[in-house]
Amino acid sequence: MKNQKNMEANAPKINPALVFLNKNAYKPQRIERKWQKIWKKTGLFTAEDFSSKKKFYCLDMFPYPSGEGLHVGHPRGYVATDVFSHLMRRQGFNVMHPMGWDAFGLPAENYAIKTGIQPRISTAKNIKNFRRQIKSLGLSYDWSREINTTDPDYYRFTQKIFLMLYKHGLAYEAEAPINWCPSCKTGLANEEVVEGKCERCHSEVGRKNVRQWILKITAYAERLLKDLEELDWPERIKEMQRHWIGRSQGWEIKFNLKTQTETLNYSADVFTTRADTLFGATYLVLAPEHPLLEDIKDKITNYRLVKKYIEEAKNKSERERISEVKQKTGIGIKGLSAINPINGREIALWVADYVLIHYGTGAIMAVPSHDQRDFDFAKTHNLPIIEVIKPVAGEKKLPKEAKPIVSSQDFEAVYEGEGVLINSGRFNGLNSKIAAERIGAWLAKKDLAKKAIHYKLRDWVFSRQRYWGEPIPIVRCQKCGLVPLPENELPLKLPKVEKYQPTGTGESPLATINEWVEVKCPQCGGPAKRETNTMPQWAGSCWYYVAYTLGDWRKKKEIRWDKKKIAYWLPVDLYVGGAEHAVLHLLYARFWHKFLFDQKLVSTKEPFMKLKNVGLVLGPDGQKMSKSRGNVISPDETINKYGADTLRLYEMFMGPFSQETAWSLQGIKGCRRFLERVWQMRTKTAKVPLVGENSALKRLLNQTIKKTGEEVKSFRFNTAVSGLMILANELEKQKEISLEEYKTLLLLLAPFAPHLTENLWQALKEAPPKLKDFAVDDSIHRQPWPKYDEKFMAEAKIILAIQVNGKFRDQIEVGRGITKGKTEELALKSEKVAKWLMGKEIKKMIFIPNRLLNIVI
Ligand code: ANZ
Ligand code: ZN
Ligand code: ZN
């Protein structure tokens, strides 16, 4: 080390322009803004396209810029990705860490309705506030890539992707009963209905028949499921997606229909995952919307009643229909029956709304002995029950045959598990799994069954009858039908309106602006009308992570879909955000991504390789922060009072990253005190030589270097911070601290407290740079991450005493933590000890770890 001598000779010069004299207290307000400006000016955190370094794409779920501004929950994720980004940069990666605004959606519009302020105006204002708040945290974002989903230059691409989906048959129009929020007066996707309530306003969601744009996400069901396996995501989120996609494998079995006198040409296909229970099927149920009902209505002798039931079912929400608590309603179809294909037995035909039209085939074979829902239904309507599966608990012998048909009143317990078949003719005695295959195969040979896979996932209802969203770029021509806008007419800009009130008629407020709606057909030039529905709030976030890779969004003309840049940056290596998006954004974005991949517009199968969920920050009272509770903490207050570095450090220190944690003022103060001590310690740095090679301090230093990096990489930020606190404590105990060790502390602390460490780093230089010619390489944030040396991390040697009958006889130098056995072995080799043991019998040896061994004779 060239400067060592020099350093030892002179105490470090403190640059007064950078640190306000030694006696000055730590005043973050005086340094944080200053460094933010300098970093921005020098482009310190700008990500470089095509750099020769290995890329690392580190992404936050971008916020919806609400009127309330940031709360302290937001920065927990942002600081984590920031610390991570800093570490990766300093370990030699070319890091992209971008930020933007997910700004379309209902809240802005609802706000507009309430206050009469245009959403575009309130949104711009909110973004400004969010940007100011986020910038005050000193996060190392590359702001040149900042995006805003409501910017027409941005949603030009959103619209373009929509049109591509349309051209590939993945966007279609349909009039269908959909989830309808009576309060937001708009249709909702299934994913937006949480426990029967609107995800936004928590109103009870109903059904409404509306013309809709729908995206065929189901076409990707299998891939969305299969590719989950290669993702490094929390298992819980993957499981939620698996569950939501809901793949079921089973058989579709054909039941022919007959009247009392004739076999009809009609049949009902049922979907079952339990073909093994076919002998136990005692009735067949059609969903009220099943099209077969219309075909056979002439044969139904009680059609008036059946029709009435069908009408009533239309108004019920799906949740109501499948709810387990309610009575299962239904109506028996008179005049017709179904034939069980396995044994020719005639069974009754029912319509009941616990069978859903969208799942499977919309029809089921009911097996009340082995399916709880069927059992409940059979009990209510007094239908027969046949037991066909016996659980086998170890015994080989077949259980006695049950009486084939029991009245539902006598039948008590449903057994839903697998077992051995009874009452099933020549399939008796087979195990469920095997029986299901054999029964299916046997029927398949007669063309009465086929293997089937069904998914719970439904297509995505993609239009909203609201104003504040991307217009759907399609016109309806009297002659040509639906005509997509030509690409050069994109973006189709959202027009300014006077009134945002949702009409409630199923049409968007855009429908009332005639001069916007009436257009010439791009194809034939004849009169046409624009689509007036808009896209849902999820559209813009389906590809925003691609948008960041495209470059500087302020230079709008330069933004092109640049596949080289995309290929360089994708996939996102680390993605951090809340768990609430498990089956919304995280599923939708994967779907779009796979479509873009198929179009060769992106380079990877999956968008987000590693996902981490951030735990909620609760109010100081341990409750969820909310305005009404008055327990919301704004980062502004904390930053003004304690500084951004303190806030950042506390966000990381407050608890395990993925766990809910309550905000604590005590904790904030503790972090502030810690930083003050680090600040103050600079006055102790001096011309002392480096500590000795075997000292405990040296060991701790090396261990801490190792630990900090490892803990950050595995998202244990809180223990990384406590490790730094321990190191600081030890350094502080020294009368004087060598500059080298102090600098190591700063280098490790820099990702957490970037301003304070930068300031001290500069001040400690022998020739501190002038601020006006500050260059990126001057920054602490460009210094390589410190290296540790295993050789100094070995445990220390200790001196262990050997006694014979409690009297000191010898001492040995051993490694700390040595075992009893090893100590005994060494002690018995000692000549000094051997003298005392000569001819004596050792009764026992008492070992006090790291202290002594007493040999009792
Ligand atoms: C007979 C049977 C016997 C069934 C038994 C289950 C147990 P998963 O695993 O969720 O896919 N089913 C099929 N289509 C339905 C629909 N549209 N609405 C309501 N229920 C429907 O469940 C598949 C099972 O759900 C199917 O297997 C069917 O009932 C029912 F002991 O058929 B099963
Ligand atoms: Zn709502
Ligand atoms: Zn036309």
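Residues numbered from 1 in each chain as written. Chains lettered and ligands numbered in written order. Predicted model: local features only at pLDDT ≥ 70, side-chain atom pairs only at ≥ 80, totals over all residues. Heavy atoms only, no water.

Helix and strand content of the protein chain: 26 helices and 33 strands. When its C-alpha atoms are laid out on the principal axes, the protein chain stretches across 110 × 90 × 50 Å. Counting over 857 residues, the protein chain shows a buried share of 55%. Considering only contacts within the protein chain whose residues lie at least 6 apart along the sequence, 74% involve residues at least 24 apart. A total of about 38,900 Å² of accessible surface is found on the protein chain, and carbon and sulfur atoms cover 52% of it. The distance from the centre of the 137 positive side-chain charges to the centre of the 99 negative ones in the protein chain is 5 Å. (Helix = DSSP H or I, 4+ residues; strand = E, 2+ residues; numbered from the N terminus. Buried < 20%, exposed > 50% of the residue type's maximum accessible area, 1.4 Å probe, protein only. Contact = heavy atoms within 4.5 Å. Areas by Shrake-Rupley, 256 points an atom, 1.4 Å probe, with all protein chains shown as cover. Lys, Arg positive; Asp, Glu negative; His and termini not counted. Charge placed at Lys NZ, Arg CZ, Asp CG, Glu CD.)

The coordination sphere of the zinc ion (ligand 2) contains the protein donors Cys 181 (SG), Cys 184 (SG), Cys 198 (SG) and Cys 201 (SG), at a distance range of 2.2 to 2.3 Å. Viewed at the metal, the four donor atoms of the zinc ion (ligand 2) are separated by angles of 100 to 120 degrees, and the geometry they form is tetrahedral. In primary sequence terms, the donor set of the zinc ion (ligand 2) follows C-x2-C-x13-C-x2-C. Each of the two residues, Cys 181 as well as Cys 184, counts as buried. (Donors = N, O, S within 2.8 Å, 3.2 Å for Na, K, Ca; no water. Tetrahedral: all angles 85-135°; square planar, octahedral: opposite > 155°, others 65-115°.)

Take the pattern of salt bridges next. The full count for this structure, using the stated rule, is 58 salt bridges. Among the ionic pairs, Arg 648 bridges to Asp 82, the shortest N-O distance being 2.7 Å. Placement of Arg 648 in helix 19 (residues 644–653) and of Asp 82 in helix 3 (residues 73–90) is noted, with a sequence separation of 566 residues between them. We classify Arg 648 as buried; its relative accessible area is 0%. One network of salt bridges, in which partners are shared, links Asp 227, Glu 230, Arg 590, Lys 594, Lys 605 and Glu 606. (Salt bridge = Lys/Arg side-chain N within 4 Å of Asp/Glu carboxyl O.)

Time to look at a nonpolar patch on the surface. A cluster of nonpolar side chains, contributed by Tyr 111, Ile 117 and Ile 121, occupies part of the molecular surface with about 240 Å² of accessible area. Position of Ile 117 relative to the elements: it lies in the loop between helix 4 (106–115) and helix 5 (119–135). (Patch = residues over 30% accessible without salt bridge, like charges linked within 9 Å, V, L, I, M, F, W, Y side chains within 5 Å.)

Moving on to the site of ligand 1. Of all residues adjacent to ligand 1, which total 17 residues, the nearest are Ser 248, Thr 272, Leu 356, Tyr 359 and Lys 456. Between ligand 1 and Thr 273 there is a distance of 3.1 Å, counted from an oxygen atom to a backbone nitrogen or oxygen. A total of 650 Å² of accessible area belongs to ligand 1 in isolation, and the protein chains cover 86% of it. Of all elements in the fold, only strand 11 (263–272) and strand 15 (363–366) reach the threshold of two or more residues within the shell around ligand 1. Its residues assigned to classes, the shell around ligand 1 shows eight nonpolar, five polar and four charged. (Near = heavy atom within 4 Å. Polar contact = N/O pair within 3.5 Å; in protein donor to acceptor, adjacent residues only side chain to side chain. Nonpolar A, V, L, I, M, F, W, Y, C, P; charged D, E, K, R; others polar.)

At the metal site, the zinc ion (ligand 3) is ligated by Cys 477 (SG), Cys 480 (SG), Cys 521 (SG) and Cys 524 (SG), and these contacts range over 2.1 to 2.4 Å. Geometry at the zinc ion (ligand 3) is tetrahedral, judged from the four donor atoms that bind it and their angles of 104 to 116 degrees at the metal. A relative accessible area of 27% places Cys 480 in the partly exposed class.

A separate point is the nonpolar core. Judged by nonpolar contacts, the single largest core of 174 residues is most densely connected at Trp 460, Trp 543 and Phe 752. Setting aside chain neighbours within four positions, we find Trp 460 in contact with Ala 189, Trp 213, Ile 214, Leu 215, Ile 217, Pro 536, Trp 538, Cys 542, Tyr 588, Phe 591 and Trp 592. Formed by 60 residues, the second largest nonpolar core is a distinct cluster that contains Phe 255, Ala 275, Leu 292 and Ile 296. (Core = buried A, V, L, I, M, F, W, Y, C linked by side-chain atoms within 4.5 Å.)

Between the first and last C-alpha of helix 2 (residues 28–42) there are 21 Å, a value that for 15 residues agrees with the 21 Å anticipated at 1.5 Å per step. Among the residues of helix 2, those classed as buried are Pro 28, Ile 31, Glu 32, Lys 34, Trp 35, Gln 36, Ile 38 and Trp 39. A positive backbone phi angle near 65 degrees is found at Gly 43, which sits one or two residues after helix 2. (Expected span 1.5 Å × (residues − 1).)

Let us look at the packing of aromatic side chains. In this structure the tally under the stated criterion is 45 aromatic pairs. Seen from their ring centres, Trp 101 and Phe 130 are 6.2 Å apart, and the 80 degrees between their planes marks the pair as edge-to-face. With Trp 101 in strand 3 (residues 100–101) and Phe 130 in helix 5, this pair connects stretches of sequence that are 29 residues apart. For Trp 101, a relative accessible area of 1% corresponds to the buried category. Among the residues examined, Phe 130 registers a relative accessible area of 0% and is labelled buried. Seen in terms of ring centroids, Trp 460 and Phe 591 are 6.4 Å apart; in terms of plane orientation they differ by 65 degrees. Their pairing is edge-to-face. Note that Trp 460 is positioned in strand 19 (residues 460–461) and Phe 591 in helix 17 (residues 585–598), a separation of 131 residues in sequence. For Trp 460, a relative accessible area of 0% corresponds to the buried category. The structure contains a cluster of three or more aromatic residues connected by ring pairs, namely Phe 162, Tyr 166, Trp 213, Tyr 220, Trp 460, Phe 462, Trp 538, Tyr 588, Phe 591 and Trp 592. Geometry around Trp 836 places Arg 809 over its ring, the cationic atom sitting 3.6 Å from the centre. (Phe/Tyr/Trp six-rings, centres within 6.5 Å; stacked < 30°, edge-to-face > 60°. Lys NZ or Arg CZ within 6 Å of the ring centre and 35° of its normal.)

Here we come to the pairing of strand 5 (residues 171–181). As defined by bridge partners, strand 5 adjoins strand 9 (residues 206–215) across ten bridges and the pair is classed as antiparallel. The partner of Ala 171 across the bridge, within strand 9, is Leu 215. With three bridges joining them, strand 5 and strand 6 (residues 186–188) adopt antiparallel strand pairing. Residue pairing for strand 6: Cys 181 is matched across the bridge by Thr 186. Connecting the antiparallel pair strand 5 and strand 6 is a turn made up of four residues, with Lys 185 showing a positive phi of about 50 degrees. (Pairing = 2+ DSSP bridges.)

So, on to the environment of Ala 528. Checked against the element boundaries, Ala 528 lands in strand 23 (residues 527–530). A residue is classified by how much of its surface remains accessible, and Ala 528, at 4% relative accessible area, is buried. Measuring from C-alpha to C-alpha, the distance between Ala 528 and Ala 662 comes to 57 Å, with 134 residues separating the pair along the chain. The residues touching Ala 528, leaving out its near neighbours within four places in the chain, are Val 475, Arg 476, Cys 477, Val 517, Glu 518, Val 519, Lys 520 and Cys 521.

As a further point, take helix 4. Taken together, the buried positions of helix 4 are occupied by Leu 106, Ala 108, Glu 109 and Ala 112. For helix 4, the angular spread of buried residues about the axis comes to 165 degrees, placing them on one side. A positive phi of about 75 degrees marks Gly 116, the residue just after helix 4. (Arc of directions from axis to C-beta.)

Okay, the sheet that holds strand 21 (residues 481–484) next. Spatial strand order, 21-20-23-22: four strands in an open sheet with antiparallel pairing. Where the open sheet ends on each side, the last strands, each with one partner, are strand 21 and strand 22 (518–520). On average, adjacent strands in this sheet sit at an angle of 40 degrees to one another, irrespective of strand direction. Across four bridges, the pairing between strand 20 (residues 474–477) and strand 21 is antiparallel. By the bridge assignment for strand 21, Ile 474 is matched with Pro 484. In the packing of helix 6 (residues 152–167) onto the sheet, contacts are made with strand 20 and strand 21, and the angle to strand 21 comes to roughly 135 degrees. (Axes fitted to C-alpha atoms, helices over the stretch in contact; angles between N-to-C directions.)

Remember that side chains alternate between the two faces of the sheet whenever the strand is regular. Relative to strand 11, strand 10 (residues 247–258) runs antiparallel, the two sharing seven bridges. Within the sheet, the bridge partner assigned to Glu 252 lies in strand 11 and is Phe 271. Between strand 10 and strand 11, which pair antiparallel in sequence order, lie four residues.

Confidence in the prediction of the protein chain, expressed as mean pLDDT, is 91, and 93% of residues score 70 or more. Between residues 1–11, whose pLDDT stays under 50, and residues either more than four places distant or in other chains, the model counts eleven contacts. Scored below 50 in pLDDT, residues 394–399 makes four contacts in the model with residues more than four places away or belonging to other chains. (pLDDT = per-residue confidence, 0-100.)

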